[in-house]
Amino acid sequence: MVRAYSQEHTYKHPWERVTSASWRKFADPENKRTLSHIVQVDTLNHKLESDSGKLYTTRAITIHAPGPWFLRKIVGQDICHCVESTVVDAKTRSMQLATKNISLQKYVEVEEKIRYDPHPDNPTGWTLCRQETSIRIKPLSKLASMAEKIEQKCVEKFQQNSAKGREVMERMCKYLEAESSSRGISV
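Residues numbered from 1 in each chain as written. Predicted model: local features only at pLDDT ≥ 70, side-chain atom pairs only at ≥ 80, totals over all residues. Heavy atoms only, no water.

Student: Looking at this structure, I do not really get the overall build of the chain. What am I missing?
Tutor: Along the chain, the regular secondary structure elements total four helices and seven strands. Each helix and strand of the chain, ordered N terminal to C terminal, gives the series β-α-α-β-β-α-β-β-β-β-α. Here the chain, with 187 residues, has 41% of them falling under the buried criterion. For the chain, long-range pairs separated by at least 24 residues make up 56% of all intrachain contacts whose partners lie at least 6 apart in sequence. Within the structure as shown, the chain displays about 10600 Å² of accessible surface, and the carbon and sulfur contribution to it stands at 52%. (Helix = DSSP H or I, 4+ residues; strand = E, 2+ residues; numbered from the N terminus. Buried < 20%, exposed > 50% of the residue type's maximum accessible area, 1.4 Å probe, protein only. Contact = heavy atoms within 4.5 Å. Areas by Shrake-Rupley, 256 points an atom, 1.4 Å probe, with all protein chains shown as cover.)

Student: Looking at this structure, how should I read the sheet that holds strand E4 (residues 79–89)?
Tutor: If you trace the seven strands from one edge of the open sheet to the other, you get E1-E7-E6-E5-E4-E3-E2, paired in antiparallel fashion. The open sheet is flanked by strand E1 (2–11) and strand E2 (38–48), the only strands paired with a single partner. When strand polarity is set aside, the average angle formed by the axes of neighbouring strands in this sheet is 15 degrees. As paired elements, E4 and strand E5 (residues 94–101) share eight bridges and run antiparallel to each other. Considered in E5, the bridge of Thr86 is made with Leu97. (Pairing = 2+ DSSP bridges. Axes fitted to C-alpha atoms, helices over the stretch in contact; angles between N-to-C directions.)

Student: Please clarify how unusual backbone geometry should be interpreted in this entry.
Tutor: Comment: phi is negative for the bulk of residues other than glycine, and the bulk of peptide bonds are trans. A positive phi angle, near 55 degrees, is found at Arg93, a position not held by glycine. Within the fold, Arg93 resides in the loop between E4 and E5.

Student: Would you mind going over the pattern of salt bridges with me for this structure?
Tutor: A side chain with one charge may pair with a side chain of the opposite charge, provided their charged atoms come close. Throughout the structure, instances matching the rule amount to nine salt bridges. Note that Asp117 and Arg130 form a salt bridge whose closest N and O atoms lie 3.8 Å from each other. One end of the pair, Asp117, is in strand E6 (residues 108–119); the other, Arg130, is in strand E7 (residues 122–137), with 13 residues separating them in the sequence. Note on Asp117: relative accessible area 11%, which makes it buried. Its relative accessible area of 36% is what places Arg130 among the partly exposed residues. (Salt bridge = Lys/Arg side-chain N within 4 Å of Asp/Glu carboxyl O.)

Student: Whenever I open this one, the pairing of E2 confuses me. Can you help?
Tutor: If a strand is regular, its side chains alternate between the two faces of the sheet. As judged from the nine bridges shared by E2 and strand E3 (residues 54–64), these two strands associate in the antiparallel manner. Across the sheet, Lys47 pairs through a bridge with Tyr56, a residue of E3. Taken together, E2 and the strand that follows it, E3, pair antiparallel across an intervening segment of five residues, in which Gly53 is found at a positive phi of about 75 degrees.

See the structure below:
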């Protein structure tokens, strides 16, 4: 069985500021306490297509393994490696991130997609964030009730981490707003 959920959030900040915050959220030391599940983030590659103006980036993200503690004990691993692929299209003002785990795949598959676009009600001042996440516990599929409970615990943890991520994004947006106003630029 697959647990999936989606959520939307409106950042009352322009797209340029929100996407800048997205790039900087893992690097800011103040955010490390809030995002304590993130162990390390490394940029593997980035490419700017001159004809389309699109930026393609791939990052490796190491996190504390998702799910309840007993699942980590069964698996024998408490970290998980993920790959995040990002496409930024400055012309259409769209940023799309797709993240999936590349370790622990024989036990759990997690896919997360996030998209930032100008909000249709206020395209110059607000940003709409759409997030879709799917979680599938694999070896317990034959024990459906247990798998469902573990998947639900994973969903709850991911939702908690999403809320922390939104908190960090809001803080970064406010920081960028203050930084840009002190320099007389708008981001």
